[in-house]
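So the chains spell out like this:
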Amino acid sequence: MQQTRVDQGMNYYLKFIENYPVLNQLADADEESVLKLWQGLGYYSRARNLHKTAQQVRDEYGGEFPKTYAEIIQLKGIGPYTAAAISSFAFDLKHAVVDGNVYRVLSRYYGIDEPIDTGKGKKIFQELADSLIPESDPALFNQAIMEFGAIQCTPNNPDCESCVLNQSCRSAFNPELIKKLPVKKGKTTIRKRYFHYLHIEKEGEIALDQRTHKDVWEKLYEFPLIESDNDAVPSEFRDSALLCYQTKHILSHQHIYAFFYRTDLKEIKGLEMKFIDKSKLHDYPIHRLMEKYLERNSEL
Ligand code: SF4
């Protein structure tokens, strides 16, 4: 659920456990079906990792989920946060979770201005959280501190007035400290990208490609694409394509300016065209940007 609201993820969770009630069923599923179920949720590497992890658990642990932190953190796509969450929630082990909420609560309460996005900062906060978590019911502590950050010590306008910690908190009623903490060193740079998509049909078929390289939306399907460094129509089809839709698609570290063109060209230099039966288009896992385009075109 990191970076995703529960109400957004809930239906996906229910669909997953309905389709794969047992871990081995998820492991045995083909990757495309898993991606199809995930379609629309974003962060597709999570779906791929979830699937690979299920296979790892099937192959290395006989289908039974490992029960120690050391083993859990070895699983694909599982870092310290998720390993601590699973260890404490599922197995009652004493491992502190440190997510955005926890960083905020701890940095404000103790007045720590060490940046949270450096190796040193992460270590300091992890050690502090580990020193606070009690032997008894570590899961409750983890849930409570995250929830406290989510509803009491919120990013803007924390409710210091009604806070049970306001007598001892270093930042209580101090707007400057509240604004400053937690400190982040590096600002995320946003990359601008320009995607030019071609909607091409011929005799009941439509051109569709799979993204195979290490990049956003790996393994998902989309129209043939030319990426350029600006919004001008690429020279490869400048005189033979009609712009029919454009949009800006925002991802966490990228802004994608997308242009969709219709064309009758069947061959375009530098693009390998693969056609599929048009009626099967909706069987393929696609990303949200493609979905937006299809939603606008009822004939698809
Ligand atoms: S007193 Fe204010 S800043 Fe301190 S923990 Fe409570 S809500 Fe957060």
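For clarity, every value in this text was computed on a predicted model and none was experimentally measured.

1. Considering the side chain of His255
Relative to the assigned elements, His255 resides in strand E8 (residues 254-263). With a relative accessible area of 18%, His255 lands in the buried category. Among residues more than four places away in sequence, those in contact with His255 are Ile190, Arg191, Lys192, Arg193, Lys248, His249 and Ile250.

2. Looking at the site of the ligand
Phe148, Cys153, Pro158, Cys160, Cys163, Asn166, Cys169 and Ala172 make up every residue found near the ligand. A breakdown of the residues in the shell around the ligand according to their chemical character gives seven nonpolar, one polar and no charged.

3. Some thoughts on the nonpolar core
Residues Tyr197, Trp217, Phe223 and Phe260 are the most contacted members of the largest nonpolar core, which totals 36 residues. When residues no more than four places from it in sequence are discounted, the contact partners of Phe223 are Tyr197, Leu198, His199, Ile206, Ala207, Leu208, Phe260, Met290, Tyr293 and Leu294. Grouped together as the second largest cluster of nonpolar side chains are 20 residues, Ala96, Ile116, Ile145 and Cys153 included.

4. Considering the pattern of salt bridges
The final tally for this structure, using the stated rule, is 20 salt bridges. The salt bridge partner of Glu201 is Arg262, with a shortest N-O separation of 3.7 Å. Highlighted residues: Glu201 in strand E2 (residues 201-202) and Arg262 in strand E8, separated in sequence by 61 residues. Among the ionic contacts, a cluster of salt bridges with common partners joins Arg193, Arg211, Asp215, Glu222 and Glu227.

The rules we used
- Residues numbered from 1 in each chain as written.
- Predicted model: local features only at pLDDT ≥ 70, side-chain atom pairs only at ≥ 80, totals over all residues.
- Heavy atoms only, no water.
- Helix = DSSP H or I, 4+ residues; strand = E, 2+ residues; numbered from the N terminus.
- Buried < 20%, exposed > 50% of the residue type's maximum accessible area, 1.4 Å probe, protein only.
- Contact = heavy atoms within 4.5 Å.
- Near = heavy atom within 4 Å.
- Nonpolar A, V, L, I, M, F, W, Y, C, P; charged D, E, K, R; others polar.
- Core = buried A, V, L, I, M, F, W, Y, C linked by side-chain atoms within 4.5 Å.
- Salt bridge = Lys/Arg side-chain N within 4 Å of Asp/Glu carboxyl O.

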